[in-house]
Amino acid sequence: MRFEKRVPLSTPTMHGEEMTFVQEAFDKNWIAPLGFNCDGFESEMAAYLQEAGEMHCLALSSGTAALHLAMKLAGVKAGDPVLCSDMTFAATVNPVCYEGGIPVFIDAEPDTWNMDPAALELAFAKYPQAKVVVLAHLYGSPAKMDEIRAVCQRHDAVLVEDAAEALAATYKNQPCGTFGAYNVVSFNGNKIITSSGGGMLITPDKAARDKALFWATQAREPAPWYQHEEIGYNYRMSNVVAGIGRGQLLHLEEHRDAKEAIYRRYEQGLANLPVRMNPYLAESTPNFWLSCMLIDEDCSVDPMTVMQALADANVEARPIWKPMHSQPVFADCDFITAADTPLDERIFARGLCLPSDIKMTTEEQDGVIEMIRNCF
Ligand SMILES: *Cc1c(COP(=O)(O)O)cnc(C)c1O
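Residues numbered from 1 in each chain as written. Predicted model: local features only at pLDDT ≥ 70, side-chain atom pairs only at ≥ 80, totals over all residues. Heavy atoms only, no water.

A. View of the domain arrangement of the chain. According to the domain assignment, the chain contains domain 1 (17–249) and domain 2 (252–375). The C-alpha-based centres of domain 1 and domain 2 are spaced at 25 Å. With 49 residues of domain 1 in contact, the opposing surface of domain 2 contributes 39 residues. With both chains or domains summed, domain 1 and domain 2 bury close to 3,800 Å², and 65% of this area falls on carbon and sulfur atoms. If you sort the residues of domain 1 by the area they bury against domain 2, Trp113, Tyr139 and Ile192 come out on top, with a joint share of 23%. Along the contact surface separating domain 1 from domain 2 lie 1 salt bridge. In this structure, the salt-bridge partner of Asp334 is Lys126, at a minimum N-O distance of 2.7 Å. Seen at the junction of domain 1 and domain 2, the total is 24 residue pairs in polar contact (both at pLDDT 80 or more). Those elements giving two or more residues to the side of domain 1 that touches domain 2 turn out to be helix H4 (94–98), strand S3 (102–106), helix H5 (117–126), strand S6 (170–171) and helix H8 (239–249). (Domains from an automatic or database assignment. Contact = heavy atoms within 4.5 Å. Buried area = accessible area lost by both parts, 1.4 Å probe. Salt bridge = Lys/Arg side-chain N within 4 Å of Asp/Glu carboxyl O. Polar contact = N/O pair within 3.5 Å; in protein donor to acceptor, adjacent residues only side chain to side chain. Helix = DSSP H or I, 4+ residues; strand = E, 2+ residues; numbered from the N terminus.)

Below you can see the structure in the form of structure tokens.
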């Protein structure tokens, strides 16, 4: 069997309201940077996150740009060790290097596939001078936030939360993207909602948000002429792009529910195979951005074999994020684990991201499940 139409991993799903906001920007000839859609997008995001208290949001050109400004706000300086999630997308870590920081990679734990609090504690023992922790929530499953925050507090470290994959996920009813001093979400094309490309910095600290805005708009000092006392960036989101984001935000919960339905169908369809789904904590509600499976270590089926079988059938699956400590570009960086065999290497070796596009039909997903079952 082969699908005529490709079954993708995760693509944008538009609804129509996006166009209304974009049209308004055109009608008012308000296309250029900043403007009412940026303001609206920021305040609507703050309202969405209000259960965590008052948040100040800054719409930016990408999640990576938001992470870069978060590094600056956290005070990362050349030569500083920065303790980072190891199994994540490189965009979590690259901004550390933009500021000259030295990433130290922290292994994952098996209950959420996120940063292991025990390994983080070991890292502080080795790097007592470390002042910043960058934590990603993988595939929309919240990390062990109580434990992580306790370790950060014990060592007086600033927490930066990379919630690029975790918008609409909660831990003990608190939304991801509100746990750190500085937090980041992404609206890249494959994320749970998209503005076509963009990101947001989220912080409870209004002064920090204003400072980030200053850097993001070329660090222009308040003077009648162009006056610069710091290096700036051009990181702001455009009013058109923000319009798409506003329309998408209206459908965030709906997207989350559709993602969860996909996860549940895989969970049921793959039951009694030697596989498990990506795990999460009972006290959290993931956004189920991507459904992943982990093949038992004593099973002879290789995830790459499954990926190839799906590719032959016109179905897109992807490997798990390859751990940062095994990336050539970070070969000189330290890696801290509390396990005998690094847990994230084991997940990388046995895991696979499954198609999780919310436009996938039940019939298509049943077909995908059947193909996976045939590999065993
Ligand atoms: C997508 C992603 C980013 C980067 O976001 P962009 O908006 O694409 O720059 C950062 N971290 C993680 C974990 C991501 O998945």
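B. Region of the structure containing the nonpolar core. Met45, Trp113, Tyr139 and Phe187 are the most contacted members of the largest nonpolar core, which totals 39 residues. Looking at this core, the elements with two or more residues in it are helix H2 (36–48), strand S1 (56–60), strand S9 (199–203), H8, strand S12 (292–295) and helix H11 (343–350). Top contributing element to this core by residue count: H2, with 4 residues. Two domains each put at least three residues into this core: domain 1 (17–249) and domain 2 (252–375). When near neighbours in sequence (up to four residues on either side) are disregarded, Phe187 contacts Phe41, Met45, Leu167, Ile193, Thr194, Ser195, Ser196, Gly197, Gly198, Gly199, Met200 and Met237. Membership of the second largest hydrophobic core comes to 34 residues, among which are Val93, Phe105, Val132 and Ala219. (Core = buried A, V, L, I, M, F, W, Y, C linked by side-chain atoms within 4.5 Å. Buried < 20%, exposed > 50% of the residue type's maximum accessible area, 1.4 Å probe, protein only.)

C. Representation of the pattern of salt bridges in the model. Taken as a whole and assessed by the stated rule, the structure comprises 21 salt bridges. Of the charged contacts in the structure, one is a salt bridge between Asp296 and Arg276, with a shortest N-O distance of 3.7 Å. Residue Asp296 is located in the loop between S12 and helix H10 (303–312), and its partner Arg276 is located in strand S10 (residues 275–277); the two are separated by 20 residues in the primary sequence. Asp296 gets classed as partly exposed once you look at its relative accessible area, which sits at 24%. Salt bridges sharing common partners tie together Glu42, Lys206, Arg209, Asp210 and Arg236.

D. Here's a closer look at the environment of Pro103. Relative to the elements of secondary structure, Pro103 occurs in strand S3. Judged by its relative accessible area of 2%, Pro103 is buried. Along the backbone, Pro103 and Asn37 are 66 residues apart, and their C-alpha atoms lie at a distance of 36 Å. Once residues within four sequence positions are removed from consideration, Pro103 is found in contact with Val82, Cys84, Val93, Val96, Cys97, Phe330, Cys333 and Asp334.

E. Region of the structure containing the pairing of S12. Alternating positions in S12 separate into two faces, Cys292 and Leu294 on one and Met293 and Ile295 on the other, with burial throughout. Bridge count between S10 and S12: 3 bridges; the pairing is antiparallel. Pairing of Val275 across the sheet is with Ile295, part of S12. Bridging between S12 and strand S14 (residues 351–353) involves 3 bridges; their strand directions are antiparallel. Its bridge partner lying in S14, Cys292 is registered against Cys353. (Pairing = 2+ DSSP bridges.)

F. Layout of H2. Spanning 13 residues, H2 covers 18 Å between terminal C-alpha atoms, matching the ideal 18 Å at 1.5 Å per step. Tucked into the core, H2 has its buried residues touching helix H1 (17–27), S1, S9, helix H7 (206–216) and H8. (Expected span 1.5 Å × (residues − 1).)

G. Looking closely at the site of the ligand. By nearness alone, 14 residues border the ligand, and Thr64, Asp162, Glu165, Ser186 and Lys191 come closest of all. In the model, a nitrogen atom of the ligand is placed 2.7 Å from a nitrogen or oxygen of the Asp162 side chain. Glu165 places a side-chain nitrogen or oxygen 2.6 Å from an oxygen atom of the ligand. Relative to its free-state accessible area of 390 Å², the ligand is covered by the protein chains to the extent of 93%. (Near = heavy atom within 4 Å. Areas by Shrake-Rupley, 256 points an atom, 1.4 Å probe, with all protein chains shown as cover.)

H. Quick look at unusual backbone geometry. Positive phi, normally seen in glycine, also occurs at Lys172, with a value near 50°. Among the structural elements, Lys172 can be located in the loop between S6 and strand S7 (174–175). The class of Lys172 is partly exposed, set by a relative accessible area of 45%. One non-glycine residue with positive phi stands out, namely Ser196, at about 90°. Among the structural elements, Ser196 can be located in the loop between strand S8 (182–186) and S9. Take Ser196: its relative accessible area is 51%, and that puts it in the exposed class.

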